[in-house]
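Overview (structure and organization)
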2 protein chains.
Amino acid sequence: MENRKCIFLIADGLGDRPVKEMNHKTPLEYAKTPTLDQLVANGMAGLVHPYRAGTRCGTDWGHLCLFGYDPEKFYTGRGSIEAYSAGLELQEGDVAFRGNLATIDENLCVVDRRAGRISDTEEINQLIAEVNGMEMDGYQLLLKPLTEHRVAVVVRGKGLGGKLPDTDPGTACEGEKVVNPAAINSWKGTDEDRRTAEMLWKFLMEINRIWSESPVNKKRIENGQLPANFILTRGSGKAMVPPAFTEQYPNAKVAVIAGDETITGIGRMCGFDGYSKESFTGGFETDYMGKAKMAMELLPNYDLVIVHVKGTDLCGHDNLPFKKAEIIEQIDGMFRYWMEQEGSENWYFAMTADHSTPCCRRDHSADPVPSFMAGPDVRKDAVEAYGERACAEGIIDQYTGAQLMATIMDYLWFSKKYGA
Amino acid sequence: MENRKCIFLIADGLGDRPVKEMNHKTPLEYAKTPTLDQLVANGMAGLVHPYRAGTRCGTDWGHLCLFGYDPEKFYTGRGSIEAYSAGLELQEGDVAFRGNLATIDENLCVVDRRAGRISDTEEINQLIAEVNGMEMDGYQLLLKPLTEHRVAVVVRGKGLGGKLPDTDPGTACEGEKVVNPAAINSWKGTDEDRRTAEMLWKFLMEINRIWSESPVNKKRIENGQLPANFILTRGSGKAMVPPAFTEQYPNAKVAVIAGDETITGIGRMCGFDGYSKESFTGGFETDYMGKAKMAMELLPNYDLVIVHVKGTDLCGHDNLPFKKAEIIEQIDGMFRYWMEQEGSENWYFAMTADHSTPCCRRDHSADPVPSFMAGPDVRKDAVEAYGERACAEGIIDQYTGAQLMATIMDYLWFSKKYGA
């Protein structure tokens, strides 16, 4: 069997709506994309529904769909995803939270939700090391730092529940007391939820005790900085442990390249290898060609290399259609680079998005996303250029994200046969 | 109500991908098909997903979908399908196996997996008659011959399970001992599975005892032929007993014409009448016009006549695109014949496939299959010719196989109304 390869680019929030200032074209239709147009002309295109027609996806949900999953079956919220992003390996039954290093006073009132925007990696690592892995009553606390003051929090043990009120009193509530979920009179959790709330609170109190004595914080106070002496938690949820991608596509090797930790985290959750680099910002200006080159380096070792670009989505949120078109032209350059490599005529290329983020709406929408697949033997449809309007006549029009992934994996010969 | 009729042709593995030697056309696009093009131009077309977008179907699974079913709900494997192919009527709770008449020695070691390729129908029928219907411990054994040395095996009775190891030691294992599943130490079946294994073994031992004394075998040995003194079984599975087609479409009368017994078997499983003829080979060269004429003979007595052609699939497996185009031209001739019959302007015509079998892949793929429906009052779409690329713009594009069948049955006035 031949060695089949695919580079699959996900341009976050790519899909858009007609923009008046662009002569009623969308940013994708407006952008000059000779390479993408050529690929579309030689392959099959369509407007793809990341989840289902008419549904509006968040980034995590949309990516899970594009990765071939039905998140409805296991999605429990951001806590788990941040844990994977931080590099924690979740187990069935764990409960995950999003956490902030914070400053509280002796009355447990919030002084600063971000502990003076603590960002020194050494300080953070030392603080985490002082408490990570702590065990009490047969339960364990696991922590991993994320960017700046953010930290992934996991409670591990038997009979835990995932639906807890936040200990974080909220963004506009500095000066308010930290919330002990188990002490909220009006809260009726299940036995499992209450057990988890009690354990979480015990762990947080112990953290407060240990960090109040920490040399890191003594030094911070000496330097006139706020101490990090607490973790505010929010977004609790039972661990998402989806079946590995290889259960559906045995032996498939998949890499995901992204600047945004959320995306590599979702990839790891599915069993992909996540890759990033300092210069991959997950912002407007990222190292596009650095990502393109990394994909080339990884391709020999993987069947499928997924490359994520975030800027298109940010432009949608900020209503910057011309900037969005510019980023799309950068993406065209990435494909041009790949097409110029030796052997590229044997590779498959695909592109889609996790959702549309129309500039006029400044938020995600349910509009399906322009998508294509090209490469050896791929059926050619009548679509000649990459754009929302043109794609509607293509072969993969109306596919779901998971069906697009299934199609890619079929062309890579990883699909199983139903029946005989 | 008028007497509405439809001829529905299934060209096995019809769908393909661009072929370089055909100027990047598919075999269907390359073939000269004036009749099919005319039907498509006057009707509605589409790329149909036999099961779902992105899934790759086997022949049995794909046909069940085209017949309006969701095999996910009841599919248990080939054993049941061969039983139906042989003409056995399965009941809920039966366990079916694929069987080979075989030769074993006194130590139960395989001498020949096909009993010297036994093929004399009279001999086979007499052997089967000696043991068929045998009862032991409240269980019954049912046998029906298939082609040559093949035989369908069914164990009937209470509390049986369908997941048994094969008694057949395998294709490369002549000289090895026949496997008694119940005696495999490492095998942990359910109580039902173990009970079935024990009963099967008892039946097989009794068959060996009876056939060792059979006059058929004595004569075979006299003639220097190997005796058929055992049945090797494989592919066990609980009986598939899907709801009858008429449960969904009351009173619909359906005939299926095929050279391939698997297809008539699947049809019988759904409650269709299966028809074949010696000259319908299920191979490259079949009696195309014989099938076309049989359809004409059956049409007065049926609402829907399904005609199956296997050659297109075989060409895909053998990478013979020009041969595939030739067979498609034969199919065009079948439709031309039908169109020339008196009254044909009142009939519906449809065509699809159970899956694509691209020549370049030499196996089934998940590519959707070019399909059409034409006839009185059928909506006309913009598609003017029958081909993979053209169909993508048609009205029934992205339909599933079951939805295509539902549409046919709706035009025949058999569809139920949801609500009032």
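Basis of the calculations
- Residues numbered from 1 in each chain as written.
- Chains lettered and ligands numbered in written order.
- Predicted model: local features only at pLDDT ≥ 70, side-chain atom pairs only at ≥ 80, totals over all residues.
- Heavy atoms only, no water.
- Salt bridge = Lys/Arg side-chain N within 4 Å of Asp/Glu carboxyl O.
- Helix = DSSP H or I, 4+ residues; strand = E, 2+ residues; numbered from the N terminus.
- Buried < 20%, exposed > 50% of the residue type's maximum accessible area, 1.4 Å probe, protein only.
- Contact = heavy atoms within 4.5 Å.
- Buried area = accessible area lost by both parts, 1.4 Å probe.
- Nonpolar A, V, L, I, M, F, W, Y, C, P; charged D, E, K, R; others polar.
- pLDDT = per-residue confidence, 0-100.
- 1 Å grid on protein atoms, 1.4 Å probe; cavity = no way out; pocket = protein on both sides within 12 Å on 5 of 7 lines; lining within 4 Å.
- Points joined across faces, edges and corners; volume = space filled by probe spheres on them.
- Least-squares fit on C-alpha atoms with pLDDT ≥ 70 in both.
- Pairing = 2+ DSSP bridges.

**Digging into the pattern of salt bridges**
Considering all chains together, one arrives at 40 salt bridges over all chains under this definition. Between Arg 78 of chain B and Asp 60 of chain B there is a salt bridge, with the nearest N and O atoms lying 3.8 Å from each other. Of this pair, Arg 78 of chain B sits in helix 4 (residues 78-86) while Asp 60 of chain B sits in helix 3 (residues 59-66), and the two are 18 residues apart along the sequence. Judged by its relative accessible area of 0%, Asp 60 of chain B falls in the buried class. Among the ionic contacts, a cluster of salt bridges with common partners joins Asp 410 and Lys 417 of chain A together with Arg 17, Arg 56, Arg 361, Asp 363 and Asp 367 of chain B.

**Some words on the environment of Lys 417 of chain B**
Residue and element names in this part refer to chain B. By the element assignment, Lys 417 lies in the segment after helix 14 (401-411). Judged by its relative accessible area of 68%, Lys 417 is exposed. Put simply, Lys 417 and Val 155 are 262 residues apart on the chain and 40 Å apart in space, counted from C-alpha to C-alpha.

**Observations concerning the interface of chain B and chain A**
Counting from both sides, the interface comprises 33 residues of chain B and, opposite them, 26 residues of chain A. Surface buried jointly by chain B and chain A totals about 2,400 Å² across both partners, of which 49% is contributed by carbon and sulfur atoms. Taken as a group, Arg 56, Arg 361 and Arg 389 of chain B account for 26% of the area that chain B buries against chain A, more than any other trio of residues on that side. Viewed at the interface, chain A and chain B are joined by four salt bridges. Note that Asp 410 of chain A is salt-bridged to Arg 361 of chain B, the shortest N-O span being 3.0 Å. For the side of chain B that touches chain A, the element with the most residues is helix 3 of chain B, which contributes three residues. When the residues that make up the side of chain B that touches chain A are grouped by side-chain class, the tally is 11 nonpolar, 10 polar and 12 charged.

**Some details on the confidence of the model for chain A**
Averaged over all residues, the pLDDT of chain A is 95; the fraction at 70 or higher stands at 99%. Taken together, the chains of this predicted complex give a pTM of 0.91 and an interface ipTM of 0.90.

**Here's the deal with empty space enclosed by the protein**
Applying the stated rule across the entire model yields one cavity of 30 Å³ or more. For the largest cavity, the calculated volume is near 40 Å³. Residue lining of the largest cavity: Met 44, Ile 395, Ile 396, Tyr 399 and Thr 407 of chain A together with Ala 366, Asp 367 and Pro 368 of chain B, and that is the complete set. Here the lining of the largest cavity is composed, by residue class, of six nonpolar, one polar and one charged.

**Quick notes on the relation of the copies chain B and chain A**
For these two chains of identical sequence, chain B goes onto chain A by a turn of 122° and a shift of 0.2 Å along the axis, with RMSD 0.3 Å. Taken together, the rotation angle and the small translation identify this as a three-fold axis. The C-alpha atom lying nearest the rotation axis in chain B is that of Glu 393 of chain B; the distance is 3.5 Å. Comparing contact sets, just 6% of the residues at the interface of chain B also lie at the interface in chain A, consistent with a heterologous contact between different surfaces.

**Here's the deal with the layout of surface pockets**
Residues and elements named next belong to chain A. In this structure, the largest pocket encloses a volume near 940 Å³. Along the walls of the largest pocket sit 32 residues, with Glu 345, Gly 375, Pro 376, Asp 377 and Val 378 positioned nearest its centre. Listed by contribution, the elements that provide at least two residues to the lining of the largest pocket are helix 2 (34-42) and strand 12 (348-352). With three residues, the top contributor of residues to the lining of the largest pocket is helix 2. Each residue belonging to the lining of the largest pocket can be placed in one class, and the counts come to 16 nonpolar, eight polar and eight charged.

**Looking at the pairing of strand 12 of chain A**
Residues and elements named next belong to chain A. Extensive coverage of strand 12 is indicated by the burial of five of its five residues. Alternating positions in strand 12 separate into two faces, Tyr 348, Ala 350 and Thr 352 on one and Phe 349 and Met 351 on the other, with burial throughout. Bridge count between strand 1 (residues 6-11) and strand 12: five bridges; the pairing is parallel. Paired with Cys 6 across the bridge in strand 12 is Tyr 348.

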